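Residue strings, one per chain:
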Amino acid sequence: MPPPEKLIGVVGKTNVGKSTLFSAMTLAPAKIANHPFTTIEPNIGVGHVRVKCAHVELGLPGCNPRSGLCISGQRFIPVKVIDVAGLIPGASTGRGLGNKFMDDLRQADVLIHVVDASGSTDLEGNPVPPGTQDPVEEAEKILNEINEWFKATVTRIWESKISRYIASSQAPLDLMVQNLSGLSVKRHHVIEAVRRAGLEGKPFKNWTLEDVGLFAVTLREISKPVIIAANKIDVPIAADYVKELKKRFGDENVIPVSALGEYILRKAAQNGLIEYIPGDSSFRVKEASRLTGEQLKALKLIEENVLKHYGSTGVQELLNTAVFKKLGLIVVYPVEDENRFTDHYGNILPDAYLVPGNTTARELAYMVHTELGESFLYAVDARRKRRIGEDHILENGDVVKIVAAKSKREA
Ligand SMILES: Nc1nc2c(ncn2[C@@H]2O[C@H](COP(=O)(O)OP(=O)(O)O)[C@@H](O)[C@H]2O)c(=O)[nH]1
Ligand SMILES: [Mg+2]
């Protein structure tokens, strides 16, 4: 089984820039190889995390990604992003609530919560003069909405499915995990939530609805962690609100973003007007004569208000934070030739897998091919030229060859 697919959800009220952010994230930075995902629905797109490619440290001239791409030593690895249907306050109690919203949110493993840090849209999404809405209040309301929705959903599942059987269940934890799996909740999330909610000593069958509610909100925090995208930082007034959002939600949970800025830069790069690599702190105009006065002005504004002030548009940082900090994934490169770092066709570092932080060598073997997992003998840490056993826990950036009784080609 290939590495577990993770889905990043973009949420927020109307008009904060969700769709702009989604477009910016999913606009490929260059002509791109295919992506590894089987199902892509209309509001699901492919974005990329950015890491320094292993080929650089290995002293190789380049690499041949099977999916994603590598530009100037920066490897872009595909991840799935979903533009969640708009959310308005009161949604969890039925107001303006489409099944669509719930269905989208259910599937997400991490949420990017877009807030209008310029304070220029009210809670219903209507435009108002910049600075007249409090983004901190907006963020609290939406977060609360998500928690209430999750609590209501978990409580409903508890009442209709779990509570009836839990008293007689042989394996109550399995029953919980199974019934909550539709919310993209995994076993370790449930265990962690029970612990953090202080319910460890209390058998499931004795839980009150209050316990279920507390468990649900804790489970939401663990299974769908949130990053706040403080959007529209190209509007100068946003700077003060960014500070306040950071004070309220913590530095590590708030990322200043200009979705529109990133979109403009990627479009201009795609059209060959500028040189820009997503996540960079600068861009270079190729031929000023091909740009209109308006375009030059827009680029200048992004440079002054966004890049010079914040160091980047924040869009790449959002994706990287979601995948590496919130989901705790690491990058590993499976290869077939541990000396040339290639597959058997000679492609250099063809795959960069995003895998959970505690993945073992044998688990990686299963991800490459079931047969390799089943007939696993040992693996080779190709960077250090060292044999590793099945229980060896992989580290970020590892390049690994699997040695099995049956090779992938025979399988
Ligand atoms: N100034 C500025 N405007 C933005 C930014 N991102 C989005 N917008 C504008 O905000 C409005 C709503 O954007 P949209 O993406 O449709 O919001 P959604 O309803 O949340 O999907 C549009 O007019 C966008 O051009 C940004 O980073 N800066
Ligand atoms: Mg939209």
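Residues numbered from 1 in each chain as written. Chains lettered and ligands numbered in written order. Predicted model: local features only at pLDDT ≥ 70, side-chain atom pairs only at ≥ 80, totals over all residues. Heavy atoms only, no water.

Per an unreviewed UniProt entry, the recorded name for the protein chain is OBG-type G domain-containing protein, and the organism is Desulfurococcus mucosus.

Caption draft 1: Here's a closer look at the sheet that holds strand β11 (residues 353–356). Strand order in this open sheet of 5 strands is β11-β10-β14-β12-β13, and the pairing throughout is mixed. Each end of this open sheet is capped by a strand with a single partner; those strands are β11 and β13 (386–388). Averaged over all pairs of adjacent strands, the angle between strand axes in this sheet comes to 40 degrees, irrespective of strand direction. In terms of strand pairing, strand β10 (residues 329–335) meets β11 through 4 bridges, oriented antiparallel. (Pairing = 2+ DSSP bridges. Helix = DSSP H or I, 4+ residues; strand = E, 2+ residues; numbered from the N terminus. Axes fitted to C-alpha atoms, helices over the stretch in contact; angles between N-to-C directions.)

Caption draft 2: Layout of the domain arrangement of the protein chain. Each domain of the protein chain was delimited in the assignment, giving domain 1 (7–144 + 226–324) and domain 2 (329–404). Using only C-alpha atoms to locate each centre, domain 1 and domain 2 end up separated by 32 Å. In this complex, domain 1 contributes 21 residues to the contact, which on the side of domain 2 involves 15 residues. Looking only at domain 1, the three residues that lose the most surface to domain 2 are Leu58, Asn64 and Arg66, adding up to 35% of its buried area. Across the domain 1-domain 2 interface, the total number found is 2 salt bridges. Here Glu57 and Arg383 are joined by a salt bridge, their closest N and O atoms 3.5 Å apart. Among the secondary structure elements, those contributing two or more residues to the side of domain 1 that touches domain 2 are β2 (44–52), α2 (54–57), β4 (74–83) and α11 (315–326). Of the residues assigned to the side of domain 1 that touches domain 2, the class counts are 13 nonpolar, 4 polar and 4 charged. (Domains from an automatic or database assignment. Contact = heavy atoms within 4.5 Å. Buried area = accessible area lost by both parts, 1.4 Å probe. Salt bridge = Lys/Arg side-chain N within 4 Å of Asp/Glu carboxyl O. Nonpolar A, V, L, I, M, F, W, Y, C, P; charged D, E, K, R; others polar.)

Caption draft 3: Main features of the nonpolar core. Residues Met176, Leu180, Val190, Trp207, Phe215, Leu245 and Ile274 are the most contacted members of the largest nonpolar core, which totals 63 residues. Ranked by residues supplied to this core, first place goes to helix α4 (residues 135–166) with 12 residues. Met176 has contacts with Trp158, Ile162, Ile166, Val190, Phe204, Trp207 and Phe215, leaving out every residue within four places of it along the chain. In terms of nonpolar packing, the next biggest core, distinct from the first, is built from 38 residues, Val49, Val110, Leu329 and Ala382 among them. (Core = buried A, V, L, I, M, F, W, Y, C linked by side-chain atoms within 4.5 Å. Buried < 20%, exposed > 50% of the residue type's maximum accessible area, 1.4 Å probe, protein only.)

Caption draft 4: Inspection of the packing of α4 against helix α8 (residues 238–249) at higher detail. α8 packs onto α4 with a crossing angle of 40 degrees between their chain directions and a minimal axis gap of 9 Å. Relative to α8, the element α4 is oriented oblique. Where α4 abuts α8, its residues Pro135, Val136, Ala139, Glu140 and Leu143 lie against Tyr241, Glu244, Leu245, Arg248 and Phe249. Of the residues that constitute the contact of α4 with α8, the class distribution is 7 nonpolar, no polar and 3 charged. (Parallel < 35°, antiparallel > 145°, perpendicular 65-115°, else oblique.)

Caption draft 5: Up close: the packing of helix α1 (residues 18–26) against helix α9 (residues 259–270). Interhelical geometry of α1 versus α9 gives an angle of 35 degrees and a closest axis separation of 8 Å. Viewed along their axes, α1 and α9 form a crossing whose handedness is left-handed. Contacts between α1 and α9 involve Thr20, Leu21, Ser23, Ala24 and Met25 on the former and, on the latter, Ala259, Leu260, Glu262, Tyr263 and Arg266. Looking at side-chain class alone, the contact of α1 with α9 contains 6 nonpolar, 2 polar and 2 charged residues. (Left-handed = near helix turned anticlockwise from the far one by under 90°.)

Caption draft 6: Structural context of the site of ligand 1. Taken together, 15 residues sit near ligand 1, with Asn15, Lys18, Ser19, Thr20 and Asp234 positioned nearest. Note that an oxygen atom of ligand 1 is positioned 2.6 Å from one of the side-chain N or O atoms of Thr20. The separation between an oxygen atom of ligand 1 and a polar side-chain atom of Lys232 is 3.1 Å. Coverage of ligand 1 by the protein chains reaches 71% of its 580 Å² of free accessible surface. (Near = heavy atom within 4 Å. Polar contact = N/O pair within 3.5 Å; in protein donor to acceptor, adjacent residues only side chain to side chain. Areas by Shrake-Rupley, 256 points an atom, 1.4 Å probe, with all protein chains shown as cover.)

Caption draft 7: The arrangement of the pattern of salt bridges in detail. Here the structure, examined in full by the defined rule, presents 23 salt bridges. The partner of Glu303 in a salt bridge is Lys300, and the shortest N-O contact between them spans 3.6 Å. Remark: Lys300 and Glu303 occur in helix α10 (residues 293–310); sequence separation between them is 3 residues, near one turn of the helix. Between Arg362 and Glu390 there is a salt bridge, and its shortest N-O distance comes to 2.4 Å. Note that Arg362 is positioned in helix α12 (residues 361–368) and Glu390 in the loop between β13 and β14 (399–404), a separation of 28 residues in sequence. Residue Arg362 is classed as partly exposed on the basis of its relative accessible area, which comes to 23%. Given the relative accessible area of 34%, Glu390 is considered partly exposed. In the salt-bridge network here, residues are joined through shared partners; they are Asp381, Arg384, Arg386, Glu395 and Asp398.

Caption draft 8: Fine view of the environment of Gly279. Considering the arrangement of structural elements, one finds Gly279 in the loop between β8 (274–275) and β9 (284–285). Judged by its relative accessible area of 28%, Gly279 falls in the partly exposed class. In contact with Gly279, not counting residues within four places along its chain, are Arg50, Ser312 and Gln316.

Caption draft 9: Spotlight on α12. Along α12, the positions that sit buried rather than exposed are Ala361, Leu364, Ala365, Met367 and Val368. The buried residues of α12 occupy one face: seen down the axis, they fall within an arc of 160 degrees. Next to the buried residues of α12 lie β10, β11, α13 (370–374), β12 (376–381), β13 and β14. (Arc of directions from axis to C-beta.)

Caption draft 10: The packing of aromatic side chains, seen in detail. Here the structure, examined in full by the defined rule, presents 4 aromatic pairs. Consider the rings of Trp149 and Phe150, whose centres lie 5.6 Å apart with planes at 65 degrees: the pair is edge-to-face. Each member of the pair Trp149 and Phe150 is classed as buried. Geometry around Phe249 places Arg248 over its ring, the cationic atom sitting 4.6 Å from the centre. (Phe/Tyr/Trp six-rings, centres within 6.5 Å; stacked < 30°, edge-to-face > 60°. Lys NZ or Arg CZ within 6 Å of the ring centre and 35° of its normal.)

Caption draft 11: Local environment of the side chain of Gln316. Looking at the element boundaries, Gln316 is found in helix α11. Accessibility expressed as a relative area gives 6% for Gln316, which makes it buried. Those residues in contact with Gln316 that sit more than four places away from it in its chain are His48, Val49, Arg50, Phe76, Arg266, Pro278 and Gly279.

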